[in-house]
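Below are the chains, spelled out letter by letter.
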Amino acid sequence: MRVLITGGSGFVGQRLCERLVAEGHEPQVVSRSPKQARRHLPQECDVRESAQAFVDSPPEALVNLAGESIAAKRWNEAQKKELVESRLKVTQQLVTLCERLKENGQPLPKAMVSASAMGYYGDQGDKKVTEETPPNDEFVHRLCAQWEAAAKEVEEYGVRLAIVRIGLVLDAGGGTLQKMLPPFKLGLGGRFGDGTQFMPWIHRDDLVEAILFLLKDDSLSGPFNASAPNPVTNAEFAQTLAKTLHRPAIFPAPAFVLKIALGEMARLLLTGADMRPKRLEEAGFTFQYPTLDKALDAILR
Ligand SMILES: NC(=O)c1ccc[n+]([C@@H]2O[C@H](COP(=O)([O-])OP(=O)(O)OC[C@H]3O[C@@H](n4cnc5c(N)ncnc54)[C@H](OP(=O)(O)O)[C@@H]3O)[C@@H](O)[C@H]2O)c1
């Protein structure tokens, strides 16, 4: 199967491309810098600069992962605009590709898995959060809601859409864990603020399997929480990480310091949601890494 992936060069996309190639599929990657992206991808990947460039070899499925990194820079108004617009622009490209294929009488993709994030729900305190939980209105919610609405337009072309509201993706060599590891390895890690905020997380391999699961099962559509069934609070996360590294976790980062250092972006560290993968579990998806100690053991072994 030809699977077109936006953001295929990223932390999640690279692993997804490796899995697709291993299963005998043909990944088609959209990247702003194809030359650079090719260096990080299996040679079987066809990398081009835009989704429309694949109109001559219509993909059978779409995976939408691209977007400006949420923690790349302090959130001033220009950066917030970039976070939203980078996602809307790439998602719109996929809708335009479907439009072009339809106009040309070419086959349309059967399914699309489009990324969203736990941020869809905003700050939820200690409430259990499923796909039905009403969101808290704040910047990250509005970002995800616009991203999801843009993706929904593919449904007009008969494309089945599954949205993954992704938790913190864990693995070696990238993502948040890579940023957290240096202080924890030095024994200088600790919780953020009072540590009671929830940090839904998922092992990168489980996320990739969940994306494949959603691509393959014709009966699944709508939003799916993509996080392990056992979320932890930030304090538990810090303790488990420190324990796995055989270090203490006794240096909390006070909330006011994070707010001064990061501005509004500190909400990413200081608020959260006890997100549960209700719909994935009901659909029969099995997590290879259901608990944080198992996931961190495998990653840091
Ligand atoms: N990793 C996590 O913990 C996590 C958690 C929740 C949600 N998510 C979401 O899941 C998606 C995949 O995550 P990831 O960790 O794989 O992301 P990533 O490593 O940051 O990769 C995303 C890709 O998007 C492209 N991109 C970056 N900035 C862009 C911009 N301004 N405009 C257009 N394209 C841009 C890049 O590809 P090129 O440079 O090749 O164009 C990049 O490789 C992201 O959209 C992210 O928001 C991730």
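Residues numbered from 1 in each chain as written. Predicted model: local features only at pLDDT ≥ 70, side-chain atom pairs only at ≥ 80, totals over all residues. Heavy atoms only, no water.

Peer 1: Can you lay out the packing of aromatic side chains for me, pointing to particular residues and giving the numbers?
Peer 2: Applying the stated criterion across every chain yields a total of four aromatic pairs. Ring centres 5.3 Å apart and planes at 65° place the aromatic pair Trp-75 and Phe-139 in the edge-to-face group. Taken together, the residues span a long stretch of sequence, with Trp-75 in the loop between β4 (61-64) and α3 (77-103) and Phe-139 in helix α4 (residues 139-152) at a distance of 64 residues. With a centroid separation of 5.0 Å and 85° between ring planes, the pair formed by Phe-285 and Phe-287 is classed as edge-to-face. Neither Phe-285 nor Phe-287 differs from the other in exposure class; each is buried. One aromatic cluster is present, formed by Phe-213, Phe-285 and Phe-287 through successive ring pairs. (Phe/Tyr/Trp six-rings, centres within 6.5 Å; stacked < 30°, edge-to-face > 60°. Helix = DSSP H or I, 4+ residues; strand = E, 2+ residues; numbered from the N terminus. Buried < 20%, exposed > 50% of the residue type's maximum accessible area, 1.4 Å probe, protein only.)

Peer 1: Can you explain the site of the ligand? Please cite residues and give values.
Peer 2: Surrounding the ligand, one finds 22 residues, the nearest of these being Ser-9, Val-12, Ser-31, Leu-65 and Arg-87. One nitrogen or oxygen atom from the main chain of Val-12 is found 2.8 Å from an oxygen atom belonging to the ligand. One of the backbone N or O atoms of Gly-67 is found 3.2 Å from an oxygen atom in the ligand. With the chains in place, 82% of the 880 Å² that the ligand exposes on its own is no longer accessible. Elements with a minimum of two residues in the shell around the ligand: α1 (11-22), α3, β5 (111-117) and β8 (168-170). (Near = heavy atom within 4 Å. Polar contact = N/O pair within 3.5 Å; in protein donor to acceptor, adjacent residues only side chain to side chain. Areas by Shrake-Rupley, 256 points an atom, 1.4 Å probe, with all protein chains shown as cover.)

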